[in-house]
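# Coordinate analysis (summary)
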Amino acid sequence: MYYHNRLDSDFTFFQKVKNLDYILLSSILLLSVISVFVMYSTDGGEILYHTKSHFIKLLIFFPLMLVISFFNIKFWHLTSYLFYIAIILLLIWVSVDGIKASGSQRWINLYFIVLQPSELMKIGIILCLAKYYHRLKVENVNSFTSIVVSLSIIITPIILVISQPDLGTSILIALSGLIVLWLGGVKIKYFFISLVTFLISLPFIISFLKPYQKLRILTYLDPDRDPLGAGYQIIQSKIAIGSGGLSGKGFLKGTQSYLDFLPEKHTDFIFTLFSEEFGFYGSTGLLIIYIVIIIRIIKIGVISRSNFSKLFCYGFAFAIFIYIVVNLSMVLGLLPIVGSPLPIMSYGGSSMLATMIGFGIVLSAKINHRQIIS
Amino acid sequence: MIKENSSIRKEDIINRRMFVIGAAKIIIFTGIIVRLFSLQVDNNKKYLTLSDKNRIREWKLPPTRGNILDYFGNIIAGNLKVYQLHIIPEQVENFNYLLTRLKNLLQLSDKRILNILRLKKRLKPWESIIVSENLSWSQFVKVNNYLYELVGVKPVMTISRNYPFSDIYTHLLGYVSQPNENDILQNEIIQDRFVPGMKVGKLGLEKTLENYLIGTNDIQRYEVNAYGKRINQLEYQKGKQGSKIRLTVDTEVQKLSAKLLANKAGSISVMNIFTGEVIAMHSSPSYNPNLFLFGISNDEWELIRNNPLKPLINKTLSGLYSPGSTIKPIVALSALENNIINSNFKVKCTGKTELYDQTFHCWKEKGHGFVNLNNAMKQSCDTYFYEIARLLGVDRLKVTAKKFGLGEKVLGEYFENEKKGLFPNTSWKKNNLGKGWVLGETLITGIGQGYIQTTPLQLCLMTAQIANGGYSIKPKIIVNNKPFNIVEAKKAMEEQNLNNFNTQLVKDQKNIKIIQEAMFSSTNEIMGTSYRSRIDDPKYQFAGKTGTAQVKRISKRERELDLELEQIPYNDRDHALYVAYGPYKNPRYALSIIVEHGGSGSKAAAPMAKELFKLIIDRDDLRKKQSNFEEIDI
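Residues numbered from 1 in each chain as written. Chains lettered and ligands numbered in written order. Predicted model: local features only at pLDDT ≥ 70, side-chain atom pairs only at ≥ 80, totals over all residues.

### Observations concerning the overall build of chain B
Tallying secondary structure elements over chain B gives 25 helices and 19 strands in all. When each of the 634 residues of chain B is scored for burial, the buried share is 42%. In chain B, the share of contacts with a sequence separation of at least 24, taken over all contacts with a separation of at least 6, comes to 75%. (Helix = DSSP H or I, 4+ residues; strand = E, 2+ residues; numbered from the N terminus. Buried ≥ 20, exposed ≤ 12 C-beta atoms within 10 Å, placed from the backbone. Contact = placed C-beta atoms within 7 Å.)

See below:
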């Protein structure tokens, strides 16, 4: 028992390296390489600010992921609550003294990086709830106290994030949290009841939305109502993707992005640019890489002995899935525009940091999949 | 063990729920791929078109107008390369400095500078501002010398309309200039091809033939970015130059007409008596149409507008004159045709005729004595024509006059400003003035005074139709009257010579002969009014009739004074007219001359005919050769 309680792993460095999931790792690496080339294309075929910055971030965060993976999963189990609380504190810092940009206050300046704590919370909430449900006895899962506790774990960060305001990220945090509740065994009845309640209260929620958010929903329902204003982004995005065809216009030849018709092409609309230049084949290929990543993460969850690892892996796999689905649905005109980046591909340090931390913990779970956490 | 058990149970729950999510994931991913497929494969064409619409923009350039040629193929309205200066604001570092430099180099006015600054505010920074539309060569060289200092300035070569013969064709061709709102709204073709800097016809044939002359735009296709900035040129589509239009006019004759009328107000028209081709048509004074191309300056405009000789009026087509004695051939012809008189009919001229207390004077105070038709025409005896007009009556006279083209437009739709003139009769007066016709009015109509108004080209057509033996002709100014397609035009030309002789205007050919002989006598026999302007050489010999149209009723006192021309104020002087055809033995051409306030027709107008006929007949042979001109390029 003593053995198992040690925080550092019993494996040697080489054993750890050997135990890494190389399919997952190479998929992530492949995605990173693609993302650098796509970023190079958004810069108009030159190595400019975005390309350099994205590349440097990968150079830092990819090794960071490996470092994280070399810590025993027990360490991450132990520090889960701490991690969550730290991010809550950062979010409070944001609301007190954050950096404002285009009407919202989402960032803090840490001098070496401008951090968006809400992105980290996407991982933090999974980590925290995974630990909570790992420790919770099966009998108590549907007890009043545990549901209240887990809901407050979800609602606290959401209140902080939504007040920034940042609807997109708060929805993603909520979904990431709820999936752990689902996996943890909360009664389906409860989910069903809350879904119905949500749908009924939807009109009231909408009335509380900010005007620009309402406009986005209206635009989603009918993009052509204001083609040069609110509908512009989605129309141009559809044109770009649609004009890509089967095999795309070719690398650096996407006219929609090259001639600045595409908005936000570095961040939320990065897939649009990729899809325009590489077509249906390229897009499907990219999607397959993501599917491989998700499947590998789930597989790690399956072989893990501890429920913490399982909950985290399944939860994180679902989170990645949700990020991709929300982002792609948005650029394909299937969902209203909510700011949500595409993991690894989109430009943005905090998002990449969070994703890499998540991958790191997943890899740690892989290395230590026999580890039992009491 | 209990712990272990619960742990296993929990693992089951987790895995079971994971399975549910996994299924959901597969469905959702499939949905996304289906959506991708529908956008990229099913609707690829639609979005590709939209994407091209986004990025490709067309720029139209001004079309090149078709040339207008004279009968011999000389360009009388062509195109010239001009040098322009453009500024591209986004390339300029210091705009005000640049403007000061250009102001000094090109002597730009302050008003122009203000205008440029206004343009700069209105246009996008990459759209060029035209500083000068027409740089002289020396200015162009100057700017090119300093070009390295003038960043953002672009010298441009473009094409502009040009009238090489300056003012001699102005009233015929008109001119082009910037279109105004009306020009654009009224013509769909202009609307379609309009681009800033384009010129359209404002007057004359340039206006009426606009749709043939205009040509199609050159088109530049550019790739543009989201802000409309041109990134690179994809294609340059050359437009088609407008149709080439060949006129029937002869520049040499036109030049001589202009020379003869220099510093006078008046008009000369020359016509082929068989084909109706207008050989020359000049209204004097004229003005330089090239002045209008780049916007005429106020001073120059005022100079033209305030000229007392009225250069802006096309006197050949819209000048309305009393024909005076030039109407007499028609009066005599009408009387013969209606069997009122025969050629031996005589009248005694005492110098005046009394009718109901009114005295009608002959121009010759002493009278001509007994005159027959030939003599009356020759000496232009007014009394004779009072008498035959009285016998004939104005209504019958009008029938004949109308047949010969008086009171109708000659060139029809080709000139917007052509006037119909007026040949009165009893019902006209009743309908328009509400009064009954008075016999005295018939008398003065008989000598071409009173209500009667004719244009110089009508008189020319009238003479031509007398000269050709009394056949109707259809006057034309464009070689292929219908400039629509080559086949039609050629066919029309071939048929023309036959068709023109279809309508005979007189009942008895002998009557025309009598009139022709009288006109011959008038020019070639002693006592004839234009005897002094005759040419004895049968090759050039012509027959004509003078006319002197009063512009003001002559009072008794003035008649007694018998003033010399110089003693009368300019605006009170008589108009001098002359109509003629030649050569007499084998007539081919007819002409009409009018000199406003020139005094008597025999002194001011007839001598011009002498010079004209020499040239016209000399050029007749050349013209015949030229008629095989195969190049009817429309």
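Once you've had a look at it, read on.
### Examining the overall build of chain A
Each helix and strand counted, chain A has 15 helices and three strands in total. Across the 374 residues that make up chain A, the buried fraction comes to 51%. In chain A, of all internal contacts separated by at least 6 residues, the share reaching a separation of at least 24 is 71%.

### Remarks on the sheet that holds strand S1 (residues 99-101) of chain A
One open sheet holds the three strands; their spatial order is S1-S2-S3 (chain A), and the pairing between them is antiparallel. The open sheet has two edge strands, S1 and strand S3 (114-115) of chain A, and neither has a second partner. (Pairing = 2+ DSSP bridges.)

### Focus: the interface of chain A and chain B
With 37 residues of chain A at the contact, the number on the chain B side is 36 residues. Among the elements that make up the side of chain A that touches chain B, the one with the highest residue count is helix H14 (residues 307-331) of chain A (nine residues). Broken down by class, the residue content of the side of chain A that touches chain B amounts to 21 nonpolar, twelve polar and four charged. (Nonpolar A, V, L, I, M, F, W, Y, C, P; charged D, E, K, R; others polar.)

### Considerations on the pairing of strand S17 (residues 543-549) of chain B
All names here are of chain B. Of all seven residues making up S17, seven are buried, and the element is well covered by its neighbours. Side-chain alternation along S17 places Ala543, Lys545, Gly547 and Ala549 on one buried face and Gly544, Thr546 and Thr548 on a second face that is also buried. Where S17 meets strand S18 (residues 575-582), seven bridges bridge the pair, whose relative direction is antiparallel. Looking across to S18, one finds that Thr548 is bridged to Ala576.

### Description of the nonpolar core
All names here are of chain B. If you look at the biggest cluster of nonpolar residues, it comprises 113 residues, and the most contacted ones within it are Val270, Met271, Ala332, Leu591, Ile593, Ala605 and Ala609. Broken down by element, the residue count for this core peaks at eight residues, all from helix H20 (residues 456-467). Both domains that furnish three or more residues to this core are identified here as domain 1 (59-246) and domain 2 (251-287 + 313-626). (Core = buried A, V, L, I, M, F, W, Y, C linked by C-beta atoms within 7 Å. Domains from an automatic or database assignment.)

### Let's talk about the confidence of the model for chain A
When pLDDT is averaged along chain A, the result is 89, and 95% of the positions lie at 70 or above. Residue range residues 1-5 of chain A is modelled with pLDDT below 50. Its contacts to residues more than four positions away, or to other chains, number two contacts. (pLDDT = per-residue confidence, 0-100.)

### Regarding the sheet that holds strand S1 (residues 56-61) of chain B
Strand pairing in a sheet relies on backbone hydrogen bonds. The paired strands run either parallel or antiparallel. Residue and element names in this part refer to chain B. A sheet is described by the order of its strands in space; here three strands give the open sequence S1-S8-S9, paired in antiparallel fashion. Each edge of the open sheet is held by one strand with a lone partner, namely S1 and strand S9 (230-237). Averaged over all neighbouring strand pairs, the angle between strand axes comes to 30°, with direction disregarded. The pairing of strand S8 (residues 218-224) with S9 spans six bridges and is antiparallel. Bridged to Val224 within S9 is Arg230. (Axes fitted to C-alpha atoms, helices over the stretch in contact; angles between N-to-C directions.)

### Let's talk about the packing of helix H14 (residues 328-337) of chain B against helix H17 (residues 394-403) of chain B
Residues and elements named next belong to chain B. Contact geometry for H14 and H17: axes closest at 9 Å, N-to-C directions at 110°. The orientation of H14 with respect to H17, classified from their angle, is roughly perpendicular. Between H14 and H17 lies a crossing whose hand is right-handed. From H14, Ile330, Val331, Leu333, Ser334 and Glu337 reach across to H17, where they touch Arg396, Leu397, Thr400 and Ala401. By residue class, the composition of the contact of H14 with H17 is five nonpolar, two polar and two charged. (Parallel < 35°, antiparallel > 145°, perpendicular 65-115°, else oblique. Left-handed = near helix turned anticlockwise from the far one by under 90°.)

### Overview of the packing of helix H5 (residues 73-97) of chain A against helix H6 (residues 117-135) of chain A
Residue and element names in this part refer to chain A. Packing of H5 against H6 leaves a shortest axis separation of 8 Å and a crossing angle of 145°. As H5 packs across H6, the resulting crossing turns out to be left-handed. Each of Trp76, His77, Ser80, Tyr81, Phe83, Tyr84, Ile87, Leu90, Leu91 and Val94 in H5 lies in contact with H6, whose residues at this interface are Pro117, Ser118, Leu120, Met121, Gly124, Leu127, Cys128, Ala130 and Lys131. The class makeup of the residues in the contact of H5 with H6 is 14 nonpolar, four polar and one charged.

### Here we look at helix H3 (residues 22-42) of chain A
When the terminal C-alpha atoms of H3 of chain A are compared, their 30 Å separation across 21 residues agrees well with the 30 Å that a helix rising 1.5 Å per residue should span. For H3 of chain A, the complete set of buried residues consists of Leu24, Ser27, Ile28, Leu31, Ser32, Ser35, Val38, Met39, Tyr40, Ser41 and Thr42 of chain A. (Expected span 1.5 Å × (residues − 1).)

### Digging into unusual backbone geometry
Residue Pro165 of chain A follows Gln164 of chain A across a cis peptide bond; omega there is -5°. Note that Pro165 of chain A resides in the loop between helix H7 (144-162) and helix H8 (167-184). With omega at -5°, the peptide bond leading from Ser284 of chain B into Pro285 of chain B counts as cis. Position of Pro285 of chain B among the secondary structure elements: in the loop between strand S12 (278-284) and helix H12 (298-305). At Lys310 of chain B, a position not held by glycine, the phi torsion is positive, near 55°.

### Here we look at the pairing of strand S2 (residues 104-109) of chain A
All names here are of chain A. Strand direction decides the pairing type here: S1 and S2, joined by three bridges, are antiparallel. When the sheet's bridge partners are listed, Ile99 is paired in S2 with Trp107. Hairpin geometry of S1 and S2 is characterised by an intervening segment of two residues between the two adjacent antiparallel strands and by a positive phi of about 40° at Ser102. Where S2 meets S3, two bridges bridge the pair, whose relative direction is antiparallel. Within S3, the position partnered with Asn109 by the bridge is Val114. Between S2 and the antiparallel strand that follows it, S3, lie four residues; Tyr111 among them carries a positive phi value of about 70°.

### A look at the environment of Leu151 of chain A
All names here are of chain A. On the secondary structure map, Leu151 appears in helix H7. Exposure remark for Leu151: the 15 C-beta atoms within 10 Å place this residue in the partly exposed category. Here the alpha-carbon distance between Leu151 and Ala174, two residues 23 residues apart in the chain, equals 9.6 Å.

### Details of the environment of Val249 of chain B
Residues and elements named next belong to chain B. Note on placement: Val249 falls in the loop between strand S10 (245-246) and helix H11 (251-260). We classify Val249 as buried; it has 29 C-beta atoms within 10 Å. C-alpha of Val249 to C-alpha of Asp70: the two residues are 179 residues apart in sequence and 5.4 Å apart in space. Aside from chain neighbours lying at most four places away, what touches Val249 is Asp70, Tyr71, Leu172, Gln254, Val278, Ile279, Ala280, Met281 and Ile477.

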